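Letter by letter, the chains look like this.
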Amino acid sequence: AGFDLYMVRADGAAQVLPLTDTAGVDELTPRREESGMALRWADTASETVASASWDGSGAATRWTAPVGYGLDAIAWCEVTTFASLGELATGDLDIVMTTNPGGFNYSWTPIGTDGSLDCSPPAFGYIGPQSIEGNMLAFAGAAGGLYTAFPYFADSFLVPELIPGTTSGDWQPRWSPLFADGELWLTFIRNNEVWVTRVYASGNDNAWTTPVRIHGAQPDDATAMRVAWAPETEGAPDRIAVAEHHLFSASALYEPGDIVVLTWDHATGTFVGAELVYDASANGDVKARDLAWR
């Protein structure tokens, strides 16, 4: 079979635009640039990072994994794309830069594959949200838990740091936009549920709120597969899209592969309602597996 990429209207209108259609090829971890006009993804058949215009036109190869490595996932920042690679001979996993900004390079050994890495907005420093050059990378660490690290910061980097309150089995970290009030949030998947934590400055260190669950508990009993924050829109509430697990769901409300949007009130730490915006069974049973929102 293979996974292809599609574009879906977030307002629930029944408009699905196929972007790729390659039989037997898994095209995974779609990532859009901030403007939404360009798309990049991992092509697992050719072990390449590919890109195209917003509508799937003009597809081209941007980077090819070294011989002996399989490409699992990507994260797209302003200066570079990060790739999660698996060494075919040993199964060891690494995150590497596909370009070399600032004249240096670095890699980290993650535990997660298939999308367990994400770049923060270009305004996150080592002492909380601030104006800064570069992005913070979040990924699932080999020792368990979620980690952050500066992959590039002018011409230096920082050692990965564990996010307090995260543990083994946490994966799929996804950064929020940097909101107008200076807050920055990180969602992740734990036990097929959506959790969230907020980062803020505490002296010269980053501090994190205790993670809380915002989706997946009773009564909906949903089984989350992937999450993505909506871009910040003036006058609109903060929202998170959730792709329900494409293989199973115990929920009476959401079927496998549906996309649900949560309206998030980070002032109270709660979400208000969950709206079904993509019904897989109503679209030829094309199940959502991953998502990026721009």
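Residues numbered from 1 in each chain as written. Predicted model: local features only at pLDDT ≥ 70, side-chain atom pairs only at ≥ 80, totals over all residues. Heavy atoms only, no water.

**A word on the environment of R190**
Logical step 1: With respect to the helices and strands, the residue R190 is situated in strand β17 (residues 184–190).
Logical step 2: Separated by 34 residues in the primary sequence, R190 and A224 place their C-alpha atoms 8.9 Å from one another. (Helix = DSSP H or I, 4+ residues; strand = E, 2+ residues; numbered from the N terminus.)

**Description of the nonpolar core**
One broad trend across soluble globular proteins is that nonpolar side chains are buried collectively.
Logical step 1: Core analysis: the biggest nonpolar cluster contains 16 residues, and V194, I214, W229, I240, V242 and W264 have the highest contact counts within it.
Logical step 2: Elements that contribute at least two residues to this core include exactly β17, β18 (193–202), β21 (224–229), β22 (238–244) and β23 (259–265). (Core = buried A, V, L, I, M, F, W, Y, C linked by side-chain atoms within 4.5 Å. Buried < 20%, exposed > 50% of the residue type's maximum accessible area, 1.4 Å probe, protein only.)

**With respect to the packing of aromatic side chains**
Logical step 1: The final tally for this structure, using the stated rule, is two aromatic pairs.
Logical step 2: Pairing F139 with Y147 gives two aromatic rings, centres 6.2 Å apart and planes at 15°, and the pair type is stacked. For the pair shown, F139 and Y147 are each scored as buried.
Logical step 3: Here the aromatic rings of W175 and W208 are separated by 6.1 Å at their centres, their planes lie at 40°, and the arrangement is tilted. Of the two residues, W175 sits in strand β16 (residues 171–175) while W208 sits in strand β19 (residues 205–208), which places them 33 residues apart along the sequence.
Logical step 4: The class of W175 is buried, set by a relative accessible area of 5%. (Phe/Tyr/Trp six-rings, centres within 6.5 Å; stacked < 30°, edge-to-face > 60°.)

**Here we look at the pattern of salt bridges**
Logical step 1: One pass over the structure, following the stated rule, counts five salt bridges.
Logical step 2: The residue R190 makes a salt bridge to D170 at a minimum N-O spacing of 2.8 Å. Highlighted residues: R190 in strand β17 and D170 in the loop between β15 (161–162) and β16, separated in sequence by 20 residues.
Logical step 3: Linked by salt bridges that have partners in common, R31, R226 and D290 make up one network. (Salt bridge = Lys/Arg side-chain N within 4 Å of Asp/Glu carboxyl O.)

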